Amino acid sequence: MWYIFGVEIDPSPIWTTLAVAFTTTLVLLIIGIPMAWKLARTQSRWKVFFEALVALPLVLPPTVLGFYLLISMNPNGMVADFLRFLGHPDGQLTFTFVGLVIGSVFYSLPFAVQPLMRAFEQVPQSLVDAAKTMRANTLSLFWQVVMPLSRRGFLTAATLAFAHTVGEFGVVLMVGGNIPHETRMVSIAIFDHVETLEYAQAHVLSVIMLIFSFSVLLVVYGLNRKFEVKIG
Amino acid sequence: MNQLSIQTKLVRDNFTLEIPELTLPTTGVTALFGRSGSGKSTLLRVLAGLENKAVGRIQFNDQVWQDGKEFMPAQARGVGVVFQDGALFPHMTVRQNLQFALARAPRSQDLVEVARRCRIDHKLGAPVPTLSGGEKQRVAIARALLSSPELLLLDEPLSALDTATKKEILPFLEELKDSLNLPMIYVTHAPAEVERLADRVVFLQQGRVDKVETLAEALSRADSPLFADEGASSVLLAQVETLQAGDGLSCLCPSGSQCQLWLPEVAHAGNYRVRIMAKDVGLSLSPPQDSSLLNVLKVTIERIEVNEQSALLTLRLGGQTLFAQISLRSLRQLRLSAGMQVYALIKAMALV
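This one's a predicted model, so the numbers in the text were calculated from it and none came from an experiment.

What counts and how
- Residues numbered from 1 in each chain as written.
- Chains lettered and ligands numbered in written order.
- Predicted model: local features only at pLDDT ≥ 70, side-chain atom pairs only at ≥ 80, totals over all residues.
- Heavy atoms only, no water.
- Helix = DSSP H or I, 4+ residues; strand = E, 2+ residues; numbered from the N terminus.
- Rg over C-alpha atoms; globule rule 2.2 N^0.38 Å.
- Buried < 20%, exposed > 50% of the residue type's maximum accessible area, 1.4 Å probe, protein only.
- Contact = heavy atoms within 4.5 Å.
- Areas by Shrake-Rupley, 256 points an atom, 1.4 Å probe, with all protein chains shown as cover.
- Lys, Arg positive; Asp, Glu negative; His and termini not counted.
- Charge placed at Lys NZ, Arg CZ, Asp CG, Glu CD.
- Pairing = 2+ DSSP bridges.
- Axes fitted to C-alpha atoms, helices over the stretch in contact; angles between N-to-C directions.
- Buried area = accessible area lost by both parts, 1.4 Å probe.
- Salt bridge = Lys/Arg side-chain N within 4 Å of Asp/Glu carboxyl O.
- Polar contact = N/O pair within 3.5 Å; in protein donor to acceptor, adjacent residues only side chain to side chain.

Caption draft 1: Structural detail: the overall build of chain B. Per the secondary structure count, chain B includes nine helices and 20 strands. For 352 residues, the compact-globule estimate of 2.2 N^0.38 gives 20 Å, and chain B sits close to it at 22 Å. Seen along its three principal axes, the alpha-carbon backbone of chain B occupies a region of about 65 × 45 × 35 Å. Each of the 352 residues in chain B was classed as buried or not, and the buried ones make up 53%. For chain B, long-range pairs separated by at least 24 residues make up 64% of all intrachain contacts whose partners lie at least 6 apart in sequence. Carbon and sulfur atoms form 47% of the exposed surface of chain B, whose accessible area is close to 15800 Å². Charged side chains of chain B number 37 positive and 37 negative; the gap between the two group centres comes to 2 Å.

Caption draft 2: Up close: the sheet that holds strand β20 (residues 341–346) of chain B. All names here are of chain B. On the basis of which strands lie adjacent, the open sheet formed by five strands has the order β16-β20-β17-β18-β19 and antiparallel pairing. Each edge of the open sheet carries a strand with a single partner, namely β16 (281–284) and β19 (320–327). Between one strand axis and the next, the sheet turns through 45° on average, direction left out of account. Sheet topology note: the strand β17 (residues 295–306)/strand β18 (residues 310–317) ladder contains six bridges and is antiparallel. Its bridge partner lying in β18, Arg303 is registered against Thr314.

Caption draft 3: Just the interface of chain A and chain B, in detail. With 19 residues of chain A in contact, the opposing surface of chain B contributes 25 residues. For the pair chain A and chain B, the two sides together bury roughly 1900 Å², of which 62% comes from carbon and sulfur. For the chain A face of the interface with chain B, the top three residues by lost area are Thr133, Met134 and Arg135 of chain A, together amounting to 39%. Where chain A touches chain B, the interface holds one salt bridge. Notably, a salt bridge pairs Arg45 of chain B with Asp129 of chain A, separated by 2.8 Å at the nearest N-O pair. Our count for the chain A to chain B interface comes out at six residue pairs in polar contact (both at pLDDT 80 or more). Listing elements by their share of the side of chain A that touches chain B, those giving two or more residues are α6 (125–133) and α7 (138–149) of chain A. At seven residues, the largest contribution of residues to the side of chain A that touches chain B is made by α6 of chain A.

Coordinates in, geometry out; function isn't part of it.
This is the structure we're talking about:
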């Protein structure tokens, strides 16, 4: 237990939130990079379709997304069957940490993919072509040319994905539930405190969130300026 | 089998490149010449392996680059490409750019030596954004050479440069052409570059090959597309006799003749192509005694073509051809006719 301004605070939702956000960001970068790269470079007529699909979580009520995830991850469903087949003890994803991360990945997808995509689109095609004609394989093309030229995009993607996951509520509630020390995140803890009229605790957690969010954005904008990449 | 055989088709939204059959020797410099939208840059990209939507068959010497479903990617073709804007990696220094190519090349080369040959050795530590346009193109060329290509593709490498820089890079490309035994394909819309560099020309128009000619053939007809914008011109192959002949001039001797040709100092000794615009050539029945014109060449009139405003005369100098464009009034007053021996007068300063 922490005592902040003389108020007793259970810090575990903070740790859970940070762990979920960190894991989600990592997963999003890993799957977001190839998705964004493909979307940025494709000339296929399907591009619009996939762009819309990626952006869907921006407009969809989180409860809708959470509802579908809850259904698809139900203990008697295909996903659970498949996990049991792979050796998972019960195939249970809902109301677990992994379930939370899966929900968050879907929910924060556009926040990672869109900045990456914008950054990749900024890398001139001629540089990609030049690297190819010099026998660069996809990996070195990516690490030595694309990455350094889209640092800002990476930074923005990682920070926004992290911050957005920290701030989510609806999906988390649907998929993760509210199990203390396991799936209770800060946003839900605040809701709980308000429900039970513990306004002091709600205040402290809210102030922490406010300061955190503002600092994150401050860092993003600050670094963005510092890491400006000049092309030409 | 030292040839590049191309059969390709590429359909885009508003443009189709279609070449049913094109075979080029893989020696010397082949120019792809045409207006913008003719498909010359697209053809270059097809050859480089950068257009995977192109269908057809491409074979370079004994290496099949593309055939039906088989498609050798750009990484495997061993072509060097010099892009229009240089396409240097802006986040690296010059040395890192060169190193990028060298590290993946099948053959080791001395980076500093190649940089010196391209006259950028003093810029190795410089970040790319600090380079001038000319320096960027030199680095791009050095980088392409360091990847040890078997074919060098150049996509309008001079078009983004100002006139002064063009004049500096063009002789450098001539030197490269002479010193390297490397086939080159050179995309351009500038007749001057074709005439100074190319051994043969592929004329492209609206995505199709119009004609393939040797440079001599292309320059021998008055209706050549090379003359469409700037008027007729000719190229005299000449030997540099005295590189620094004083007063900022060089003295050259056109091959197959005994005469002297004076022009502003050229960049290198040995063989030199002198490009002479037909409108810069005047004619006289006798050699002028007191004129500022330095170049007085005894020639034979081979043919006279009269059109609305002027006459185009084909002149013989040794075994070479020289065009002169004169007014109809001059033609009448001098009573010029085919077979006559006359003197071609050219200002040295017109031969830059």
